[in-house]
Amino acid sequence: MNRSRWLMVLVLTALSLTSLKLAAQTSPSPQALPAVTTIASLDVPRYMGTWYEIAKFPNRFQAKCVANTRARYLAQTDGSVQVLNSCTTADGSTIDALGKAIQVGATTSPKLQVRFAPAWLSWLPMVWGDYWVIDLDADYQLAAVSDAKREYLWVLSRTPQANAKAYDALLDRLKAQHFDVKNLEPTPQR
């Protein structure tokens with residue numbers, strides 16, 4: 001995909017996310033749910049590296065991804081995090097998306113904002129999305145990431161397949177946080 005076309009895809013994705021956010025803000029909630037709870041603190045350097053997507057809530061910006069979805073996080077000297085997401089499409093090609101994440105609050109905050117839009121659009125609040133670490137095991141091997149409104153959910157593992165017992169326990173904790181885990185779509189890792 002040439003650079004201009006890729007840039008257009010990123011801009012359209014950012015605009016689509018903005019539309020979804022605005023729609024969610026104006027739609028009444030069928031029931032009031034408690035706020036999403038994050039983990040107490042995040043050791044960002046320890047979180048860096050490769051994470052494999054085990055499952056996710058389906059979303060439009062990953063619609064072409066059919067397998068091998070992973071994220072690579074790399075700490076930057078300015079305190080931000082470089083994010084490289086990649087996945088395999090149905091035709092066997094790979095899609096890469098390069099983004100940037102910044103922590104919201106203290107250096108141990110589990111709340112981050114991430115953007116995949118070009119840097120020149122970073123002044124627009126709508127190009128940033130929540131990346132909240134809501135569950136993480138003590139060994140930094142299995143994580144769940146969401147947003148403040150439970151619209152998105154990703155289960156990530158340091159290995160291509162998560163331990164079944166640990167995954168089931170994580171699902172129980174997500175249910176306790178009022179996530180509809182029946183909507184999780186498994187991600188094949190080949």
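The rules we used
Residues numbered from 1 in each chain as written. Predicted model: local features only at pLDDT ≥ 70, side-chain atom pairs only at ≥ 80, totals over all residues. Heavy atoms only, no water. Disulfide = S-S within 2.5 Å. Helix = DSSP H or I, 4+ residues; strand = E, 2+ residues; numbered from the N terminus. Buried < 20%, exposed > 50% of the residue type's maximum accessible area, 1.4 Å probe, protein only. Salt bridge = Lys/Arg side-chain N within 4 Å of Asp/Glu carboxyl O. Pairing = 2+ DSSP bridges. pLDDT = per-residue confidence, 0-100. Contact = heavy atoms within 4.5 Å.

Chemist: Help me out: how do you make sense of the state of the cysteines in this one?
Modeler: Here, disulfide denotes a covalent bond that connects the sulfur atoms of two cysteines. According to the stated counting rule, one finds 1 disulfide in the structure shown. One disulfide in the model links C65 with C87; its S-S distance is 2.1 Å. Judged by the torsion about the S-S bond (-65 degrees), the C65/C87 disulfide is left-handed. Here C65, found in the loop between β1 (49–56) and β2 (67–75), pairs with C87, found in strand β3 (residues 81–88); they are 22 residues apart in sequence, far enough to count as distant. The exposure class assigned to C65 is buried, which follows from its relative accessible area of 15%.

Chemist: Please clarify how the pattern of salt bridges should be interpreted in this entry.
Modeler: Once the charged atoms of two side chains with opposite charge are near each other, the side chains can pair. A complete count under the given rule lists 6 salt bridges for this structure. Between R173 and D135 there is a salt bridge whose closest N-O contact spans 2.7 Å. Taken as a pair, R173 in helix α3 (residues 164–176) and D135 in strand β6 (residues 129–136) lie far apart in primary sequence, 38 residues in all. The exposure class assigned to R173 is partly exposed, which follows from its relative accessible area of 38%. Given the relative accessible area of 11%, D135 is considered buried. Note that K175 is salt-bridged to D172, the shortest N-O span being 3.9 Å. With a gap of 3 residues between them, K175 and D172 both fall in helix α3, about one helical turn apart.

Chemist: For this particular structure, what's the right way to read the pairing of strand β7 (residues 142–146)?
Modeler: Side-chain positions along a regular strand alternate between the two faces of the sheet. Burial analysis of β7 places 5 of its 5 residues in the buried class, the great majority of the element. Residues L142, A144 and S146 of β7 are buried on one face, and the alternating residues A143 and V145, pointing to the opposite face, are buried as well. Taking the residues between adjacent antiparallel strands as the criterion, β6 and β7 are bridged by 5 residues, where Y140 takes a positive phi near 55 degrees. Of the pairings in the sheet, the one linking β7 to strand β8 (residues 153–157) comprises 5 bridges and is antiparallel in character. When the sheet's bridge partners are listed, S146 is paired in β8 with L153.

Chemist: Looking at this structure, I do not really get the confidence of the model for the protein chain. What am I missing?
Modeler: Low-pLDDT portions of the prediction should not be read for the details of their coordinates. When pLDDT is averaged across the protein chain, the result is 86; 84% of the residues are at 70 or more. Within the model, pLDDT remains below 50 along residues 1–28, and this stretch shows 29 contacts once partners closer than five positions in the same chain are excluded.

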